[in-house]
Amino acid sequence: MTKFDPFGKYFSAIQNDSFGFVSQNFKLILICGLVLSILAAASLTPFMTAQSQQGKQVTLTAIVAEPKDRWDTLFANALVKLREKHPDMTINIDSRILPYADTRKQILTSMAGKTPIDIVSVDQIWLGEFAEAGFLSDLSSLAHAWNRSSEWYKTNWDGGIYNDKVYGIWAWTDVRSMWYWKDLLNQTGVNPDSLKTWNGYLASAKKMEAALKGNGTQAMHLVGASHSPDMWYPYLWMLGGKIVDQRSGHPQKGTYWFPTYNSTEGVKALQFLKDQVKAGIKPQIDHFWGQEFADKKFAVMLEGSWLLGHFPPDEWKGLDQRIGMIPAFPVPKEGDTSATMMGGWMLSIPETSTNRDLAWELLTIMVQPDVLAPVLEKYGYLPTQKPIGEGAYSAQLNATIPYYKEMISMIGIGHSRPSIPEYPQIADNIRQAIDEVYLGIKEPKQALDDAAKKSAQVLGWS
Amino acid sequence: MLERRTQRIQPYLLLVPSLLILTVFLLFPLLWNVYLSVHNVSLSTILRDWKYVGPNNYLSLLTDPGFHSSLKVSILFVGGSVTLQFFLGLVLAVVLNQQIRGSNTLRALFIIPWTVSAVITGFSFKFIFNDSFGILNYGLEQMGLNPVSWLSDPSMVLWTIVIANMWHGTPFTMLFLTAGLFSISPVVYEAALIDGATKTKSFFHITLPMLKPFILINLILITMWSVNFFDLILVMTNGGPLFASTTASLYMYRQAFEFGLLSKGSVVGLFLIGVNLVLAYSYLKLFRKDGTEVEVARV
């Protein structure tokens, strides 16, 4: 039997050849080493000289989420103003712009590894998790001295607060509303007003599905993707329900969050999703964030205000002739107040920042109305501050962004998700409940009760 | 005397860089994972004190229904993927090893799926199998058939992913076994032919036995890859619907990086390492029984 000896051949070859090679060419190796050292030293010298000549050179580092253009514009405009304020310094920004999911991962790994980062873009639902972990700087005293908090819409300012401390400034937001193709509704004989109530919505779905069958367009869009809870929350909120609520008696924390989404309101809200499936609306497991609507794959879609971004800006003028927008989610009955979910991005300063004051200055410049408003106008984002939403800048935004006024009106009925560390797991439990109802495995009450039990465990209640 | 000693030590010194790399990139993370697994570390507590919890994380994993379900999914996924990849790869390798025109070109074409990253494969198949707009359902509808819920039906989704994985992974088996086939001397087949052996007999009595070392290594590799595989699934379904496509590796990823439960993720990771080692050992044991150890060493 042959012995398995993978190193034998190599060792003998090394013994025979390599040792001889090294000893015979020792001088040559030494000279090569010296040359490499001289080259390395020469290449480093100019860099070191430049460093010493420009002693006040500062590079602010940032991790932000795609799309890239918006940050490029915003950073460039803010940097001009920051440099004007600090003529004695050479300030630059080194930004890493990443896809959504990678942004969170990159921020987490950078913070856990204590990498110095000066500014990060934080999705509202990450704030609690990051703040609880000690990744973000407490900006309360800086924000207090800044004295602009009252200029923010309350929900938007509160979104940046965790445990009574300010950890982020909400830069812009988005709202979800109902979009429809006017020609398709005309063609199917559906009155847009009928979409406003639950019963009307279901009846319209059936009518449109029958009329549009076979032409490649589906009547209504229903989210079945990983963010399906986001599109269920508005129904919960409009009925007066909550995702979680503070409750006393927590085994470790005294008073802490408790899942309340399995309330009567929650069950009723989930029943409406079930009714949609019964009415023939198919949950879509793939989501293209409004592109499917722009491609006319759906006649009606509940989607965020970013949907407009799927239409070229030169088509924005007159877009309201082709597509309609109802600034609400369908309500149980006429006269009820609707609700929507607000998302968007916050700006925060990590605890690891080595230029905290300068980063704060940059952050405040970035959210100055004269710097931020042109960016919102260009990309169709909604403001979180009243001076842009209602003040002098609103006229320009209103003239440029279709349905701007209607979208702004939704901020009043906008809610945000809880920014607590356990939220991702709670959302996963809710998503499971929604899937179980979609697939007819469980009734809404059973599905929500089972999910809430798991969420309670996640929150440390058992 | 000194020179002899130096000569003896020198090979080991030359191994030092490789060993250092292995220590830094393999041994250290492994030990770090073990350390994490006996502490209670989440993203919320990572910068604070890490509480020692002993075997609690391991014990809680044993009673975690989510993990149990992911194990079942993994067994089906690995079983399906390895079986399909292996048999299809073997058939392709054998067929293309015949003296047929264009076999080299076909071989090159068949390798393409393996060169495409799993993420791109995932996205491509996600669009192909899309329930509403996928080309497959479009084709079915054009033929008057009902569309299939490839990715939204819990009983169907895993097999859809297995198909995508088969497309992605089969070329490796084909390539690997082709290398094995090339190593078999044609003289053996000529001798068999003279002795009256049919092609089928040659395949079962010459090709397969002589390919055994290659088959073994191929099976070990594709099994390990399938156990650890998660990027394609992440892209295609993110484990849904209803966790029907959440394999143990994806479960590990989600626990650690989506929910920030680093200790729990570490425990699952260590469990998967154990599974890989057991599988590799089982294959080796199985083939040793057949007396193929020598050939394995040669491969």
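No experiment lies behind these values; they were computed from the predicted model shown.

(A) Seen up close, the domain arrangement of chain A. Residue and element names in this part refer to chain A. Along its sequence, chain A is carved into domain 1 (57–174 + 343–405) and domain 2 (176–342 + 417–458). Every contact between the two is made by 20 residues of domain 1 and, on the other side, 16 residues of domain 2. Of all the secondary structure elements, the ones that give two or more residues to the side of domain 1 that touches domain 2 are α5 (127–132), β6 (169–181) and β14 (340–348). Per element, the largest residue contribution to the side of domain 1 that touches domain 2 is four residues, and it comes from α5. For the side of domain 1 that touches domain 2, the residue count by class is eight nonpolar, nine polar and three charged.

(B) Highlighting the interface of chain A and chain B. If you look at the interface, chain A gives 29 residues, while chain B gives 27 residues. The element that contributes the greatest number of residues to the side of chain A that touches chain B is helix α19 (residues 423–438) of chain A, accounting for five residues. Each residue belonging to the side of chain A that touches chain B can be placed in one class, and the counts come to twelve nonpolar, nine polar and eight charged.

(C) Geometry of the pairing of strand β1 (residues 57–65) of chain A. All names here are of chain A. Bridge count between β1 and strand β2 (residues 90–98): nine bridges; the pairing is parallel. What sits directly across from Ala 62, in β2, is Ser 95. The parallel pair β1 and β2 is bridged by helix α3 (residues 68–85), and the resulting crossover is right-handed.

(D) View of the packing of helix α5 (residues 118–128) of chain B against helix α7 (residues 157–182) of chain B. Residue and element names in this part refer to chain B. One way to put it is that α5 packs onto α7 with a least axis distance of 10 Å and a crossing angle of 140°. Judged by the angle between their axes, α5 and α7 are oblique. With respect to the hand of their crossing, α5 and α7 are arranged in right-handed fashion. Note on element contacts: α7 touches α5 through Ala 164, Trp 167 and His 168, opposite Ala 118, Thr 121, Gly 122 and Phe 125.

Thresholds applied
In this numbering scheme, every chain counts its residues from 1 along its sequence in written order. For naming, the first written chain is A and the first written ligand is 1, with later ones following in the order written. Per-residue local features are limited, in this predicted model, to residues with pLDDT of at least 70; the limit for side-chain atom pairs, both in listing and counting, is 80 or more; totals at the level of whole chains, interfaces and linings are taken over all residues. Where each domain starts and ends follows an automatic or database-derived domain assignment. Working definition of a contact: two residues with C-beta atoms, positioned from the backbone, lying within 7 Å. Secondary structure elements are defined from DSSP: runs of H or I of at least 4 residues count as helices, runs of E of at least 2 residues count as strands, and each element is numbered from the N terminus. Note on residue categories: nonpolar means Ala, Val, Leu, Ile, Met, Phe, Trp, Tyr, Cys or Pro, charged means Asp, Glu, Lys or Arg, and polar means any other residue, Gly included. Pairing between two strands is assigned when DSSP locates at least 2 bridges connecting them. Throughout, right-handed denotes a crossover for which the path from the first strand over the helix to the second runs clockwise when the strands point away from the viewer. What counts as an axis is a line fitted to C-alpha atoms, over the stretch in contact for a helix, and the angles between N-to-C directions run from 0 to 180 degrees. Comment on the angle field: the value is read as roughly parallel under 35 degrees, roughly antiparallel over 145, roughly perpendicular from 65 to 115, and oblique elsewhere. Two helices crossing with the near one rotated counterclockwise from the far one by less than a right angle form a left-handed crossing, whereas a clockwise rotation gives a right-handed crossing.

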